[in-house]
Amino acid sequence: MAERADDRLLRLLGIVAYLDGAGPVSVADLARRFGTTPAQIQKDVDALWVSGTPGYWPDDLIDFDAASIDRGVVHLTEARGMTRPLRLGTREAVALVAALRAMKATGAVQADPARSAVVESALRKLTDATGEAANAVDVRLAPGGDRQVVSAISSALTTRHRLRIRYVTSSDVVSERDVDPVRLHTQDEYAYLAAWCYRAAAPRTFRVDRILEATETDVPVQDHPGVGERAAEIDFAALFAGGSSPLATIRFAPRARWFAEEVPVESVRNLPDGDFEVTLRVTNPGWLRSTLIQLAPYVRSVAPAALADDVAGAAAEALALYDAGHRPGSASGQVTDPQTRDAATSPNRH
Amino acid sequence: MPIDPPPSAQSAPPSAQAPGLNPAERLLNLVIALVNTNAAMTKQQVRTAVAGYADAPSDEAFERMFERDKDMLRALGIPVVTVGTGGHTDELGYRIDQDAYALPSIDLTPAELGVLSLAAQFWQDKTLQTDINRAMVKLRAAGAGDPSADALAGLAPSVRAVGDAYGPLMEAIEARRAVTFSYRAAYNGAVLTRHVEPWRIAARDGGWYLMCFDRDRQAPRVFRMSRIESRVRITGPAGAYDIPDFETDVMLGKAHGEIRQAVVAVRPERAGALRARAKPVPDGEREAYSERLPDLSDASAGGRAGDQAGWDILEVPYRSLSGMASEAAGYGAALVVLEPEAVRAETLRRLTAAAALGFGTGAQAGAPRG
């Protein structure tokens, strides 16, 4: 794809301003610095060489030392006054400042004084340079879980040590695992630890707020190629995808809108009365049951019937506990299904 | 807005309008000319003297080209200022004031630059990534060294995509201009056209919110951006309003959520995630809750009345009543809310609604699951 004119202009001006301060620089280093190819740097230098002030006589033009170019070194000899780096535009400053402020508030940065100091000083220098603080965008990420847990994870990431963690799954099962931490990824409301899990003998992603305990060991981590690469990190679609899993269709009242916004679903249908209907693959029945109970006041209908009964059954079982523990006149009076009472008085089934 | 060119011209590459130079090189020559000019250049001088502009085939084409180039430069942070040329004409002159666009010296350490590079990965939206990449090119041009990623090794913070509304909303906030869009209300699902004065956009708990003054309601309002169903159109003139000082969380209603404590009974080994932030109620205080505990005495052999065996009594901090009640309800029969009454009632409301969802076909209470 052709590069946009404004992006190229930015680099052309950047090259001149940089070289003016830096002296001769190799084509390869320039390419790395400006994130482009050596061939593109050559084209940029060719373009700069014929640019200048109106008249465009030799003395009007930006100039380079020709002998250096032949050796692959760019040596600026005339900048035509274009020596000042550009200030950051409002949008650029907003994007940087908002990201840094959000990073500063994450548990992983807060847990480590050295990290906090670096983020803070970068932020201060940036706001000094851009003037008035950019308040147009305000991002706050997840607090990121228990302080001790986050602190152990971030220390292990720095020292490259193995971690021992106690983890509870979304199905409420607790396990102990040894993991080699690769990356702590904070996204929106949750932080995730990408790691090599020795118990699973595979890469795994753990939600940090579900890590009950984390202890740094003194065992160095091993290399596990491919683990925690950014692209593979939190693929929510993949977490929920499951071509062969059964489909469920749920109709919600408008107030449950977030379900359609935050859960990867197969389809959303907006209905004329404001309700909406989602179809999704049931890959994690425990999670879906729990979520539907939470949202129940806004759930109009659930299909298939077996799923609806599963949700209703779990809720009735819980209601019976309130009934059993409370005096007459409580909300529990609404539950009259004898089977539910049986469930409540039967021994703990867990 | 200039009149659109005929379709054939529109689809042609920009270089077709200026066969001599590509747009980036024309812009470069314009910047150099306007920075180096003694006082200012008139449009006519730009057209005849600056490389690339003489190729404009007509007055209209030149005007369009020059206006577009000025807009592009402004977007890059290089404002072209307009000055009177003085003397006997009222013709306008143009120049670029280097002091107005120069980056003040910013001496970044490798570690700080590494932090900024990480910020570049923070955004998922292409438009924000472009903004950050431009900022990084400028900072690299200012001579900053090579970034070191050591300081934040292994950290990868990011925020979910804002969406297409970001561009126009930022533009509106910057220029204090009103916007209009159609919005799906959460309380009844109706889609209505809104007219608002944007103040700020914020991300909290996985959602993006627009904080603004709603002209239809004549009151401050918060809109969830994922519910904006149309393009955001900038409608009003610039400088149409002031943005007040306010706290994002106060406006979003979070500051009111002080930390409170709920007391819950939890089955041993269950509700692990909730346990992570809970603490046990001291032995001496457990008796106070015995009346509300499910009485399992007739099922557990030899249990005395009000036996609390089989339950851990925990104190759990919470901010949001509905959040706490949802979490509690989601654990089903593994957890019973004991206090406060408001959380208990909200939990019961969810459980009662959920219990009514069933059809009574086969899968019944107590059926194996998991």
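Residues numbered from 1 in each chain as written. Chains lettered and ligands numbered in written order. Predicted model: local features only at pLDDT ≥ 70, side-chain atom pairs only at ≥ 80, totals over all residues. Heavy atoms only, no water.

(A) Highlighting the overall build of chain A. Tallying secondary structure elements over chain A gives 13 helices and 14 strands in all. Buried positions account for 51% of the 350 residues belonging to chain A. The long-range fraction of contacts in chain A, counting pairs at least 24 apart against all pairs at least 6 apart in sequence, stands at 55%. (Helix = DSSP H or I, 4+ residues; strand = E, 2+ residues; numbered from the N terminus. Buried < 20%, exposed > 50% of the residue type's maximum accessible area, 1.4 Å probe, protein only. Contact = heavy atoms within 4.5 Å.)

(B) The arrangement of helix α8 (residues 166–175) of chain B in detail. All names here are of chain B. Across the 10 residues of α8, 7 count as buried, placing the element largely inside the fold. Taken together, the buried positions of α8 are Tyr166, Gly167, Pro168, Leu169, Met170, Ala172 and Ile173. Backbone geometry just downstream of α8 places arginine 176 in the positive-phi region, at approximately 55 degrees.

(C) Focus on the interface of chain B and chain A. With 140 residues of chain B at the contact, the number on the chain A side is 124 residues. Between chain B and chain A, roughly 11,600 Å² of surface is buried when both sides are summed, and carbon and sulfur atoms account for 60% of that area. The interface formed by chain B and chain A includes 9 salt bridges. For lysine 138 of chain B, the salt bridge goes to glutamate 92 of chain A, with nearest N and O atoms at 2.8 Å. Residue contributions to the side of chain B that touches chain A peak at 12 residues, all from helix α7 (residues 126–141) of chain B. Of the pairings in the sheet, the one linking strand β5 (residues 137–139) of chain A to strand β5 (residues 191–204) of chain B comprises 3 bridges and is parallel in character. Residue valine 137 of chain A lies in a different strand from β5 of chain B, and its bridge partner there is isoleucine 201 of chain B. (Buried area = accessible area lost by both parts, 1.4 Å probe. Salt bridge = Lys/Arg side-chain N within 4 Å of Asp/Glu carboxyl O. Pairing = 2+ DSSP bridges.)

(D) Summary view of unusual backbone geometry. In the segment running from alanine 303 of chain A into proline 304 of chain A, the intervening peptide bond is cis, with an omega of 5 degrees. With respect to the element layout, proline 304 of chain A can be found in the loop between β14 (299–303) and α12 (305–325). The omega torsion of the bond from glutamate 339 of chain B to proline 340 of chain B falls at -10 degrees, within 30 degrees of zero and hence cis. Inspection of the secondary structure assignment puts proline 340 of chain B in the loop between β12 (335–339) and α13 (341–355).

(E) Examining helix α6 (residues 110–120) of chain B more closely. Along α6 of chain B, 8 of the 11 residues are buried, which leaves the element largely enclosed by surrounding structure. Listed in full, the buried residues belonging to α6 of chain B are Glu112, Leu113, Gly114, Val115, Leu116, Leu118, Ala119 and Ala120 of chain B. At its buried positions, α6 of chain B is contacted by α5 (90–104) and α7 (113–130) of chain A together with α7 of chain B.

(F) How the structure looks around the environment of methionine 170 of chain B. Following the sequence through the fold, methionine 170 of chain B ends up in helix α8. If we skip the residues at most four places from it in the chain, methionine 170 of chain B touches Val94, Ala136 and Val137 of chain A.

(G) Structural view of the sheet that holds strand β3 (residues 92–96) of chain B. Taking strand neighbours across the sheet as the criterion, the 3 strands line up as β1-β3-β2 (chain B) in an open arrangement whose pairing is antiparallel. Of all strands in the sheet, those with a lone pairing partner are β1 (41–42) and β2 (80–84) of chain B, marking the two edges.

(H) Quick look at the side chain of aspartate 275 of chain A. Residues and elements named next belong to chain A. Its location among the elements puts aspartate 275 in the loop between β12 (267–270) and β13 (276–281). Within polar-contact distance, the side chain of aspartate 275 engages the side chain of arginine 300 at 2.8 Å. For aspartate 275, the contacting residues outside a window of four places in its chain are Arg251, Phe252, Ala253, Pro254, Arg269, Asn270 and Arg300. (Polar contact = N/O pair within 3.5 Å; in protein donor to acceptor, adjacent residues only side chain to side chain.)

(I) Representation of the packing of aromatic side chains. Applying the stated criterion across every chain, the model contains 18 aromatic pairs over all chains. Of the aromatic side chains, those joined through ring pairs into one cluster are Phe252, Trp258, Phe259, Phe276 and Trp287 of chain A. Positioned over the ring face of tyrosine 190 of chain A is arginine 207 of chain A, at 3.6 Å from the centre of the ring. When the ring centre of phenylalanine 246 of chain B is taken as origin, the NZ or CZ atom of arginine 200 of chain B, which lies over that ring, is 4.1 Å away. (Phe/Tyr/Trp six-rings, centres within 6.5 Å; stacked < 30°, edge-to-face > 60°. Lys NZ or Arg CZ within 6 Å of the ring centre and 35° of its normal.)

(J) Fine view of the pattern of salt bridges. Following the criterion strictly, the structure yields 40 salt bridges over all chains and no others. For the salt bridge of aspartate 312 of chain B with arginine 275 of chain B, the shortest nitrogen-to-oxygen distance reads 2.9 Å. On the criterion of sequence distance, the pair formed by aspartate 312 of chain B in strand β11 (residues 312–318) and arginine 275 of chain B in helix α10 (residues 272–275) is long-range, its members being 37 residues apart. Its relative accessible area of 24% is what places arginine 275 of chain B among the partly exposed residues. Salt bridges sharing common partners tie together Glu3, Arg8, Arg11 and Asp44 of chain A together with Glu25 of chain B.

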